[in-house]
Each structure stands twice: as C-alpha cells, then as structure tokens.
Amino acid sequence: MEKSYDVIVVGAGHAGIEASLAASRMGCSTLMFVLKKDSIAQLSCNPAIGGVGKGQLVKEIDALGGEMAKAADASGIHFRLLNASKGAAVHSSRAQVDRMLYKDYMIKILSNQSSLTIKEATVSSLLVEGNSVRGVFLEDGETIYSKTVILCPGTFLNGLIHVGLKHYSGGRIGEPASISLEQNLKQLGLKLLRFKTGTCARLDRNSIDFSQLTAQPSDNPPQPFSFSTKEITNKLVSCYITYTNENTHQIIRNNLDKSPLYTGIIKATGVRYCPSIEDKVVKFSDKVRHQIFLEPEGLSTERIYPNGLSTSLPEEVQLQMIHSVKGLEQARVIEFGYGIEHSVVDPTQLFPTLETKLIRNLFLAGQINGTTGYEEAAAQGLIAGINAALKVQSRAPFILDRATAYIGVLIDDLVTKGTNEPYRMFTSRVEYRLLLRENNADIRLRKLGYELGLISQQQLKETQQKKLVLKETINKLRHTMISASEELNQRLISYGTSPIRNKTSLEQLLKRPQIDWRLISQLPNVHLTIPENIARELEIEVKYEGFVKRQLKEVERFRNIEKIRLSPDLDYRKVCGLSKEIQEKLMQVKPLTLGQASRISGVTPAAISILMIYLRKLEPQKNTE
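Residues numbered from 1 in each chain as written. Predicted model: local features only at pLDDT ≥ 70, side-chain atom pairs only at ≥ 80, totals over all residues. Heavy atoms only, no water.

Visitor: When you look at unusual backbone geometry in this model, what are you seeing that I'm missing?
Guide: Most peptide bonds take the trans form, and the phi angle of most residues other than glycine is negative. Of note, the bond from Asn-220 into Pro-221 is cis; its omega dihedral lies within 30 degrees of zero at 5 degrees. With respect to the helices and strands, the residue Pro-221 is situated in the loop between strand 14 (214-216) and strand 15 (239-243). One non-glycine residue, Ser-394, lies in the positive phi region at around 55 degrees. Summarising the element assignment, Ser-394 is placed in the loop between helix 9 (374-392) and helix 10 (406-417). (Helix = DSSP H or I, 4+ residues; strand = E, 2+ residues; numbered from the N terminus.)

In structure tokens, the structure reads:
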C-alpha cells in the first residue's frame, strides 16, 4: 500500500512543532520529518522565549491552543516583564529557558501526540502534479504521499555558514543544508531571496568574573506565559550585564578585512534589528559601548550566551574581542559564533492562510517566509497547521486580521507587503496594540481555538468565567461610592495623589495614574477582593477606557473595508482606470479583501475607489447569474 498522510510537515523547529501539533490535534494523520530526533526544538540562537512584541505572539499561540508558552513555563529559569514602566499596550513578557528542559518537554509532547508520526529522513523535493502538491520525495528514493505539505526548513535552505573568510555548507553547526529542496522550489517557479542571520559564541560560566558585573534578577514571583500554568516551579537565576568598550571596538575595526560582512563574501541581507557586533561598531560609531547580556543556557550546563556579541569574525578575533570585555578577560569559549546565509521564499507568493498561490495544498511557515525569531516561526507554524487541516477537512480557512491579533499583523505584513530584510515583530507594527494586549489574548482568541478543536471546553469555561468576573468587578467599582474623610484623604496623599471632597466611585479613583488595584483594596472601609488573575486586566480596562473606546471605533472602520471580499481569481487587467503598475501588483499579491489591497505598497486610495466602483458593477451580474 502507498504510504499516505493528510499532512506532511518538513522540519521540527518551532514552526514545524506547532504545525504538526495543530494538524494532528485537529484529527489529521500527520507525518513530521526531521534530520535527527535529538535536534527537535533546538534553540539555535539564544535560550530565550518572548521579548518586545514577541511575548504577545507567544500568549496568542497559547490562547489558540499552541504549545510554545507551556514549554517556556516548564523550562523557564528567568522571567521578566519588559516595558513595565511604560503603557500597558507595550508590556511584553520574556523568559530565559533551560535549553535541554525546553527540548525534552517538546519531544515528550510530540512523542505522545496521537495521529502524529515522527520520521528521520531528508526530503529532497516535492511531488507536484498539475499545480497541486501530492507528497514528497526522500533522499533515499522513497515517495510518501499526502493531501497537504507544510515546509518549515528554518535556515536549512541552501544554508551557508561563515566564520571569518572560511565558509561551508550547513543548515546549522554540525547539520547539513537542504540544497536539493531549494533547487526544487526554484524549478517549481517560486521566487527566492537570500537572507543572513548569526549567533554568538558560547562561554564557560566558570571562567567569567561575575563580581565585576551587574546582576539582573528574575521577576519574583514570575508571570507565566501560558493561561493554563498555575505557577513556575523551576529555580530562578540571574542574568548579568556587561558592556563593550573602545578597546573592543578597535579590535573589531582592525579586523574588518577578515569579516565576511565587510569583504563582500556575505551578500545576503542581515537582521537590521539584531545586528552583529561588527555592524553595531561600524554603523553606530558614535556609541562608546554596547550592552551585553550574559544569559545562562540552563541549570545543568556551564554554557553562557553573551547576547549582543553575534558575530561572523574569525575565531582568533572573536577571542580577542571577548577578552577585551569587562568580566570576560579570562573567558573560555566553548563554541564560536558564526553567520549563516540561507534562502527564503518571497512571502507575497502566499495567501494569508500561508498556502502558496502557485502550488495548491503547499504551505510555508517560519524563516522560509523571511522572518527571524522563534516566536514568529511558531505563530506561522500554528496557522499553517490549522489551515492545512481545514483544507483536508474541506472547512473554511482560518485568517486572523490586524485588529484581532499580533499574529494577524505578522502574516498580513508578510503576504501583503513582503519583506526585503529578515522580519521581526514589534509592538510598533501593530495599529491596535492597546486592544491586542498580552493579558487579554485568552479573552480575544480562546473561543476561536475552541471552535478549531485546539482548546478544551474546560479552558473555554475558565476564560468565560474570567470575562464574567472582570465585568462584574468593574461594575462593582463603578457603583461603589466612597465618601471623603480625614483618614481616606491622608491615605490618598500618602499614595501621591490628591484628596477628594465629594463622594467618588472606586472606578474614578482607580483611573488615577498613582493608584493601582492593590492600593484600592487597601483604602479604609473598602471591602473588595480582586482576583489575582483579573487584576492587571481590570486596571488596564479602567485606566484606559477612553483610549480603548477610541480604538474600537477605529477597528469598526477598519472592519468595514475588510468585509469587502476579493476573489483570488479576479483579473485586475480588466479593471479600467487602474495603472499597469497597480494592476501588476494586485495580480501578484491576489488580495482577499479590499482592506488587504489598500495595504499593498503603491496601491493608491484612488485605485481602491476604482475597485469599489468595479465591484458594485459586478454585483448585479452575480445576482443575474
């Protein structure tokens, strides 16, 4: 009998894991290909999950039924809420994780997942008949059939590793690149680009003089990533901060002729938001120092990751550079840093479902779509896995818009605008970030996850209960009045806020920037218990009520244009009044809504008006037919 599956997933990094789990949990027979099982869930770069804009992605993955947040909680050893002193819209969680605990957790979850098979093999090419994928060819000559295929190859597509002026083929240190698959994608007609990323050296903890450095302790108690995690049980450790100096910078400047970046050997586009130390020194020459975070890779390893020292300089230069940094004068290098060039697919060749426009039933997720970062990859993997399963089951596709989730912004940016550099998620990319906060991802998305079959009924009930308690508590605050008294006013003054003269609601007091929910519950004659799980959400809802209402109105206007659907088969060359350039852009992107069309670079408001008129003319014809 022919070997056949509903879904084949190529790759077992963050995208491949979420894609495989989503598809199999939705009832599809799923086959995951990995080069070696012990490389599943490899944290190839720094051992951290989350960050500014990325923490929101992790929370959304969790709310939809993904696994990354739970894995981070199970392996986390240092947690911090970033931007805590700023507005709630940009609060982002980040955790240092134990590299081995993370990997072990994911391998266990995958191994115990029903309907999921893991196979060690190399996929050499796709089996395509007509314009549909039918399966994959393996390097050993075997053919495996499937209804859908999801490619999640990370940096392995014709990966080229650089250390100084030496370079060699590889998808990651010690692992071969996928060259034949890249050639196959070119032959099939997909447009490919070349991007570059890199990593730091790994240092021996015992050789670092921490007494000279500034410790950065974990938040305690830590806030979990997953809405299902009750508490973090791992031992918490500190990270440490040090800085480069003029000596470090001079060593780098003296050796730029040995840098593959500055000798033209690396021609690919690098990560602008996470540059190598060579790039920092050259492009920010006015800076006298650059910050380095020394991040532990785990509780049972001596490996330290010096975040901020990503480089592709020769090993001997890396050693000089590291030894010039305070606290690292005697540091021993366990593994040197390197740069890696790899191929990516121009993401404008994808629908928002992450299915390719050229080849039906073929989905792409992760760095192959031009992104950088574990969280961006996992988010795409989840959406690709969901939509592959829905395609198999002949159900409507699942698309998140920009007003619903950070994931929606990520994918819309990629498929509508494309990217000419490795794409990284930021809060600044999100128009409605006050509505799309970390702490309300469950309220926004868990119902959708339940409808997909990825969230349990119990999890949905917990979220519904949270929403109900939140509403009831806000109502109590609104209707609980407190009278002026000397004791109350003295307490308010001690909080750094002005006293009251007339009866005031607790809601009005909580709106004050100096007062938080804990202080409200401590006011004299106030008998109000605020559940811990809704406290932050409650405070944000009350303090930002006016801003929230304003953004909701903006979302309503946004949704009006998003409701106007466009057929992917619409021939824009027949739309009179559109310039040839705009026609070509619309034909290339094939937007699914008028809103998506309006965000394509170069598509003018006038062109959108012409399209609206054209669509109105089409309506009577449809009704007649």
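Visitor: What's the story with the sheet that holds strand 16 (residues 291-296) in this structure? I'm lost.
Guide: Pairing between the strands of a sheet comes from backbone hydrogen bonds, and it takes one of two forms, parallel or antiparallel. The strand order across the open sheet formed by six strands is 14-15-16-17-13-18, and the pairing between neighbours is antiparallel. Each end of this open sheet is capped by a strand with a single partner; those strands are strand 14 and strand 18 (333-335). Adjacent strand axes in the sheet meet at a mean angle of 35 degrees when their direction is disregarded. Pairing analysis gives four bridges linking strand 15 to strand 16, with the strands arranged antiparallel. Along strand 16, the bridge assignment pairs Thr-242 with Ile-292. (Pairing = 2+ DSSP bridges. Axes fitted to C-alpha atoms, helices over the stretch in contact; angles between N-to-C directions.)

Visitor: Which parts of the structure should I look at to understand the pattern of salt bridges?
Guide: Between side chains of opposite charge, a pair can form when the charged atoms approach closely. This structure, assessed with the given rule, holds 40 salt bridges. For the salt bridge of Asp-204 with Arg-332, the shortest nitrogen-to-oxygen distance reads 3.2 Å. Residue Asp-204 is found in strand 13 (residues 202-204), and its partner Arg-332 is found in the loop between helix 8 (315-323) and strand 18; the two are separated by 128 residues along the sequence. We classify Asp-204 as buried; its relative accessible area is 13%. Judged by relative accessible area, Arg-332 falls into the partly exposed class, the value being 47%. A salt bridge links Glu-335 to Arg-303; the nearest nitrogen and oxygen atoms lie 3.8 Å apart. Residue Glu-335 is found in strand 18, and its partner Arg-303 is found in strand 17 (residues 303-307); the two are separated by 32 residues along the sequence. Relative accessible area serves as the criterion here: at 28%, Glu-335 is assigned to the partly exposed category. Each of Arg-402, Asp-412, Asp-413, Lys-417, Glu-431, Glu-562 and Arg-599 takes part in salt bridges that share partners, so that together they form one network. (Salt bridge = Lys/Arg side-chain N within 4 Å of Asp/Glu carboxyl O. Buried < 20%, exposed > 50% of the residue type's maximum accessible area, 1.4 Å probe, protein only.)

Visitor: I keep staring at the side chain of Glu-355 and nothing clicks. Help me out?
Guide: Considering the arrangement of structural elements, one finds Glu-355 in the loop between strand 19 (338-345) and strand 20 (362-364). Given a relative accessible area of 9%, Glu-355 falls into the buried group. Apart from residues lying up to four places away in sequence, Glu-355 is in contact with Gln-349, Leu-350, Arg-360, Asn-361, Leu-362, Phe-363 and Lys-391. (Contact = heavy atoms within 4.5 Å.)

Visitor: Mind showing me how you'd approach the packing of helix 3 (residues 68-75) against helix 4 (residues 99-111) here?
Guide: Helix-helix packing is characterised by the crossing angle of the two axes and by the distance between the axes. At a closest axis distance of 8 Å, the pairing of helix 3 and helix 4 adopts a crossing angle of 135 degrees. Between helix 3 and helix 4, the interaxial angle falls into the category oblique. Judged by the sense of rotation from one axis to the other, the crossing of helix 3 with helix 4 is right-handed. Contact with helix 3, carried on its side by Met-68, Lys-70, Ala-71, Ala-72, Ala-74 and Ser-75, involves Leu-101, Tyr-102, Tyr-105 and Met-106 of helix 4 and no other residues of that element. Here the contact of helix 3 with helix 4 is composed, by residue class, of eight nonpolar, one polar and one charged. (Parallel < 35°, antiparallel > 145°, perpendicular 65-115°, else oblique. Left-handed = near helix turned anticlockwise from the far one by under 90°. Nonpolar A, V, L, I, M, F, W, Y, C, P; charged D, E, K, R; others polar.)

Visitor: Please explain helix 9 as it appears in this structure.
Guide: Helical geometry: 3.6 residues make up each α-helical turn, so side chains three or four residues apart lie on a common side. Here helix 9 contains 19 residues, and its C-alpha end-to-end distance of 27 Å stays within 8% of the 27 Å for a straight helix at 1.5 Å per residue. Counting buried residues along helix 9, 17 of its 19 residues qualify, which places the element largely inside the surrounding structure. Of the residues one or two after helix 9, Ser-394 is the one with positive phi, at around 55 degrees. (Expected span 1.5 Å × (residues − 1).)

Visitor: Hey, could you run me through the packing of helix 1 (residues 14-25) against helix 9 in this one?
Guide: Helix 9 packs onto helix 1 with a crossing angle of 30 degrees between their chain directions and a minimal axis gap of 7 Å. As summarised for this structure, helix 1 and helix 9 are arranged roughly parallel, according to the angle between their axes. Crossing handedness for the pair helix 1 and helix 9: right-handed. Only Tyr-374, Ala-377, Ala-378, Gly-381, Leu-382, Gly-385, Ile-386 and Ala-389 of helix 9 make contact with helix 1, whose side of the interface consists of His-14, Ala-15, Glu-18, Ala-19, Ala-22 and Ala-23. Per-class residue counts for the contact of helix 1 with helix 9 are ten nonpolar, three polar and one charged.

Visitor: Before we go on, may I ask you to explain the nonpolar core in this structure?
Guide: Soluble, globular proteins show a tendency: their nonpolar side chains are buried together. One finds Phe-33, Ile-150, Leu-151 and Ile-407 to be the most contacted residues of the largest nonpolar core, which totals 104 residues. Broken down by element, the residue count for this core peaks at eleven residues, all from helix 9. Sequence-distant contacts of Phe-33, that is, excluding residues within four places in its chain, are made with Ile-8, Val-9, Val-10, Gly-11, Ala-12, Lys-119, Ala-121, Val-123, Val-136, Leu-138 and Ile-144. (Core = buried A, V, L, I, M, F, W, Y, C linked by side-chain atoms within 4.5 Å.)

Visitor: Where do I start with the layout of surface pockets in this structure?
Guide: Summary: where empty space remains is shown by rolling a probe the size of a single water molecule over the atoms. Roughly 1400 Å³ of volume is contained in the second largest pocket. Lining the second largest pocket are 45 residues, and of these Gln-223, Asn-439, Glu-532, Asn-533 and Arg-536 sit closest to its centre. Secondary structure elements with two or more residues in the lining of the second largest pocket: strand 4 (76-82), strand 5 (92-97), helix 11 (441-452), helix 12 (457-479), helix 15 (517-521) and helix 16 (532-543). In terms of residues, the lining of the second largest pocket owes the most to one element, helix 16, which gives nine residues. Looking at side-chain class alone, the lining of the second largest pocket contains 16 nonpolar, nine polar and 20 charged residues. (1 Å grid on protein atoms, 1.4 Å probe; cavity = no way out; pocket = protein on both sides within 12 Å on 5 of 7 lines; lining within 4 Å. Points joined across faces, edges and corners; volume = space filled by probe spheres on them.)

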